[in-house]
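Chain and residue survey
Here is what each chain is made of, one letter per residue.
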Amino acid sequence: MPGFTAIISNEKPIASDFKFREKNIYGLENRYVRRRISGNGFVVEQFVNQKFPNDKVFAEDADFVAGIDGAILNLTYLQNKTNSQTAFEMLKKLYFAENEDFVKHLRGSFSGFIFDKKEKRWTIFADATGGKRIFFYKNNDLLFFSSELKEISFLLSKFNLNKNLNRNAAYFLLTCGFMLEDNTLLENVKRLMPGNMLIINNNKLETKEFFHLKNIQKTSLCKTEIIETMDSLFSEAVRLQFEKDKENDYQHIATLSGGLDSRMTVLTAHKLGYTEQLNFTFSQSDYLDEKIAKRIAIDHHHDFLFHSLDYGNYLKNIDKTVFYNDGLILYSGGAHIFNAVEDINLNRYGIVHTGLIGDAVIGSFLSVPRAIKPAVEMGIHSKVLLPEIQHVITEITQKYETEELYKFYSRAFLGAMNGALFLDIFSETASPFLNLDFLAFCYSIPEHLKYKEQIYIEWIGKRHREFDGYIWEKTGVSPLKSNNYKKYCSLGYYNRMSGKFFDRMSGKTKSGMNPFDRWLIENISLKNYIENYFSRNISVLDKHEKLQTQCRFAFQTGNSQDKFIVLTLLAAIKLHFE
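Here the structure is a predicted model, which is why all the values come from computation and not from measurement. Residue numbers here run from 1 along each chain, matching the order of that chain's written sequence. At least 70 in pLDDT is required for a residue's local features to be given in this predicted model, at least 80 for side-chain atom pairs to be given and counted, and no such filter applies to totals for whole chains, interfaces and linings, which use all residues. For side-chain calculations, the full set of non-hydrogen atoms in the structure is used, while hydrogens and water are omitted.

1. What to know about the overall build of the protein chain
Assigned secondary structure in the protein chain consists of 22 helices and 17 strands. On C-alpha atoms alone, the protein chain measures out to a radius of gyration of 23 Å, which is about the 25 Å that the 2.2 N^0.38 rule sets for 578 residues. Burial status follows relative accessibility: with a 1.4 Å probe on protein chains alone, a residue under 20% of its type maximum counts as buried, one over 50% as exposed, and anything between as partly exposed. Classification of the 578 residues of the protein chain by burial places 62% in the buried group. Note that accessible areas follow from Shrake-Rupley with a 1.4 Å probe, and for residues the cover is restricted to the protein chains shown. Total accessible area computed for the protein chain in this model is approximately 23000 Å², and 47% of it derives from carbon and sulfur atoms. Residues scored as positive are Lys and Arg, those scored as negative are Asp and Glu, and His as well as the terminal groups of each chain are ignored. Note on charges: their place is set at NZ of Lys, CZ of Arg, CG of Asp or CD of Glu. Looking at the protein chain, you have 72 positive and 69 negative side-chain charges, and the mean spots of the two groups are 3 Å apart. The numbering of helices and of strands both runs from the N terminus, where a helix is a DSSP run of H or I of at least 4 residues and a strand a run of E of at least 2. In this description the radius of gyration comes from C-alpha coordinates, and the expected globular size is given by 2.2 Å times residues to the power 0.38.

Pasting the structure below:
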């Protein structure tokens with residue numbers, strides 16, 4: 001994975017030629033740039049893909065050391081505003097003017113750091129929605145920070161420091177399918193939460209918040225004004241992303257499915273004049289995602305690429321998938337997009353445009369049309385081992401005022417953003433729904449308007465009615481028809497709802513884009529692979545007898561998701577502890 005790794009010592013010098021972990025294990029980073037800067041008591045390495053090189057600061061002068069990974073969507077605007085020739089110069093000027101508050105001005109998916117040599121002060125940051133990650137460890141002398149947990153794991157071993165399994169984190173993975181809060185699988189190693197920065201000064205470490213949805217006040221605008229504002233902000237967010245491609249002479253590529261979110265990104269861009277696009281989708285062959293996406297692409301004269309997920313053979317790369325997501329997220333959750341994007345030559349293309357978490361931004365996290373406190377069961381992938389960790393999850397949920405807020409800072413930013421990680425191996429990603437201006441405004445919309453995505457559908461009806469000409473995969477009928485009684489007159493609606501109903505009643509996934517449980521029945525090769533992987537690797541938990549017994553129970557009695565979660569944990573233990 002691209003990013004940074006740094007070692008900072010308060011007492012001992014760090015060798016300028018310190019050998020960091022070997023990176024290109026699977027051959028996907030052959031064209032990455034690897035650079036390092038060292039100084040009195042620190043060494044930092046940057047390892048990044050070559051897309052958007054002007055954004056990927058890694059520079060030093062007499063006063064500062066700075067680094068950026070990602071794409072700063074408003075870089076040109078900020079350079080013009082600060083009268084700067086380079087991104088490094090722009091960062092310095094913003095830092096001089098506003099100290100660490102400069103991060104508030106950046107838009108896009110990014111991580112980075114600034115070291116103020118005179119003040120001996122490090123400011124380490126990542127974007128506010130979890131697109132890029134930062135992990136860190138500190139003892140009395142050493143501090144490590146990195147974009148990858150496995151880098152920290154390597155450094156703990158290299159410096160002969162204790163490395164223990166975080167028991168709570170293991171159970172978070174086994175129940176939620178991802179981590180909660182700042183936990184990682186390594187005890188004493190934390191993740192920098194989205195919207196926070198890490199300040200290191202005089203060997204003291206503190207976190208400072210620069211963005212959080214809890215600080216957003218509800219809007220008092222009427223429905224018409226809300227829709228107008230949504231449309232204006234969304235169009236600007238789309239324009240910002242697609243102009244970034246043009247500024248860097250890249251062609252446009254965007255994911256497209258049968259859902260609303262990718263449709264909104266692709267078709268809004270088309271309306272704004274970005275008509276030459278490659279749209280790609282991945283699903284079970286002949287499923288709605290393929291049919292709808294293909295129809296949209298054909299009607300708008302876009303290039304179209306389909307990647308089949310038939311029979312789930314892409315699920316056979318457990319170790320490779322976990323290597324890139326650090327085992328912090330259910331491996332099956334991003335393996336499909338990883339498998340699909342590996343087969344695409346992205347050299348000509350820029351930002352991979354997506355519709356990530358669009359439905360959540362505009363209401364799908366609401367279980368009722370009003371603000372309520374979150375419950376432990378919200379967002380749980382597996383209840384098999386929930387009693388083991390329920391008290392801890394209860395304490396976490398109580399910190400959040402509403403279910404929507406809790407789900408953003410768990411399922412969305414720490415879970416769903418997993419998909420962006422795999423795209424970032426090859427390029428950079430962006431979703432207009434995650435543009436902070438659009439995200440903050442949508443969060444301000446009263447719950448009763450967002451419930452069941454009503455305002456989303458009305459937005460399409462009022463401003464983009466032509467987008468309604470295609471079925472919505474979620475309902476089997478068009479978006480506007482989904483919102484009224486006409487859906488009950490459609491066979492497509494009953495076909496889609498019956499599949500969901502039987503999946504819910506059985507507790508197994510046999511329909512949809514990824515019919516995991518059906519695949520495990522029909523694909524004997526996949527079934528054997530899953531069972532053999534478990535048998536070969538369950539011994540990695542020999543030192544954790546109770547956890548091992550519980551994993552056996554979950555794997556043997558649970559559905560496909562229970563099995564995949566257990567395998568993710570086993571692969572993660574191998575990655576970090578063997």
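Past the structure itself, the notes keep going.
2. Concerning the pattern of salt bridges
Salt bridge, as applied in this entry: a Lys or Arg side-chain nitrogen positioned within 4 Å of an Asp or Glu carboxyl oxygen. What the rule picks out here adds up to 43 salt bridges. Lys574 is the partner of Asp319 in a salt bridge, and the nearest nitrogen-oxygen pair spans 3.2 Å. Taken as a pair, Asp319 in helix 8 (residues 318-325) and Lys574 in helix 22 (residues 560-577) lie far apart in primary sequence, 255 residues in all. Sharing partners across several salt bridges, the network here consists of Arg21, Lys23, Arg34, Arg36, Glu45, Arg133, Glu148, Lys150, Glu151 and Asp326.

3. Details of the sheet that holds strand 13 (residues 251-255)
The rule for pairing is simple: two strands pair if DSSP sees at least two bridges between them. The 5 strands lie next to each other as 15-14-13-16-17, forming an open sheet whose pairing is parallel. Since the sheet does not close on itself, it has two edges, and those belong to strand 15 (303-308) and strand 17 (429-430), each with one partner. Here strand 13 runs beside strand 16 (residues 349-353); their pairing, made up of 3 bridges, is parallel. Following the sheet pairing, Ile253 is matched in strand 16 by Val352. Contacts between residues were defined by any pair of non-hydrogen atoms, one from each residue, lying within 4.5 Å. Note on method: axes are straight lines fitted to C-alpha atoms, helices fitted across the in-contact stretch only, with angles between N-to-C directions ranging 0 to 180 degrees. Each of strand 13, strand 14 (277-283), strand 16 and strand 17 touches helix 5 (residues 223-247); the most contacted strand, strand 16, lies at about 165° to it.

4. Remarks on the packing of helix 4 (residues 167-176) against helix 22
With their axes 8 Å apart at the nearest point, helix 4 and helix 22 run at an angle of 150° to one another. In this view, helix 4 runs roughly antiparallel relative to helix 22, as classed from their interaxial angle. Of the two possible hands of crossing, helix 4 and helix 22 adopt the one that is right-handed. Contacts from Ala170, Leu173 and Leu174 in helix 4 reach Ile565, Val566, Thr568 and Leu569 in helix 22. Small angles under 35 degrees read as roughly parallel and large ones over 145 as roughly antiparallel, with 65 to 115 read as roughly perpendicular and the rest as oblique. A crossing counts as left-handed when the near helix is turned anticlockwise from the far one by less than a right angle, and as right-handed when that turn is clockwise.

5. Let's talk about the pairing of strand 5 (residues 64-72)
Within strand 5, 9 of the 9 residues are buried, which leaves it mostly tucked inside the rest of the structure. Here strand 4 (residues 58-60) hands over to strand 5 after 3 residues, the two strands then running antiparallel side by side. As paired elements, strand 5 and strand 6 (residues 108-116) share 9 bridges and run antiparallel to each other. The residue bridging Phe64 from the neighbouring strand is Asp116, located in strand 6.

6. Some details on the environment of Lys407
Here Lys407 shows up in helix 12 (residues 403-416). Lys407 gets classed as buried once you look at its relative accessible area, which sits at 7%. Sequence separation between Lys407 and Arg31 is 376 residues; the distance between their C-alpha atoms is 37 Å. A distance of 3.0 Å separates a polar atom in the side chain of Lys407 from the backbone oxygen of Phe365. Two N or O atoms count as a polar contact when they lie within 3.5 Å, although within protein this holds only if one can serve as hydrogen donor and the other as acceptor, and sequence-adjacent residues are included solely when both atoms are side-chain atoms.

7. Some details on a positive patch on the surface
A surface patch of positive charge is lined by Lys462, Arg465, Lys481 and Lys486. Looking at the secondary structure, you find Lys486 in the loop between helix 17 (479-482) and helix 18 (491-506). For Lys486, a relative accessible area of 45% puts it in the partly exposed group. Each patch is assembled from residues with relative accessible area greater than 30% and no salt bridge, linking like charges that lie within 9 Å and nonpolar side chains (Val, Leu, Ile, Met, Phe, Trp, Tyr) that lie within 5 Å.

8. Thoughts on helix 12
By this rule, a helix spans an expected 1.5 Å times one less than how many residues it contains. With 14 residues, helix 12 ought to run about 20 Å at 1.5 Å a step, yet its terminal C-alpha atoms sit only 16 Å apart, falling short of that. Most of helix 12 sits out of view: 12 of its 14 residues are buried. Buried within helix 12 are the following residues: Glu403, Glu404, Leu405, Tyr406, Lys407, Phe408, Tyr409, Ser410, Ala412, Phe413, Leu414 and Gly415.

9. Side note on the packing of aromatic side chains
Classification of ring pairs rests on two measures: the distance between centres of Phe, Tyr or Trp rings, Trp counted by its six-membered ring, which must be within 6.5 Å, and the angle between planes, read as stacked under 30 degrees, edge-to-face over 60 and tilted in between. Counted by the stated rule, this structure contains 44 aromatic pairs. Ring geometry for Phe4 versus Phe113: centroids 5.2 Å apart, planes at 85°, classification edge-to-face. Of this pair, Phe4 sits in strand 1 (residues 3-9) while Phe113 is found in strand 6, placing the two residues 109 residues apart along the sequence. Considered together, Phe4 and Phe113 belong to a single accessibility category, that of buried residues. Residues Tyr26 and Tyr324 carry aromatic rings whose centres are separated by 6.2 Å and whose planes lie at 45° to one another, so their mutual orientation is tilted. Here Tyr26, found in the loop between strand 1 and strand 2 (33-39), pairs with Tyr324, found in helix 8; they are 298 residues apart in sequence, far enough to count as distant.

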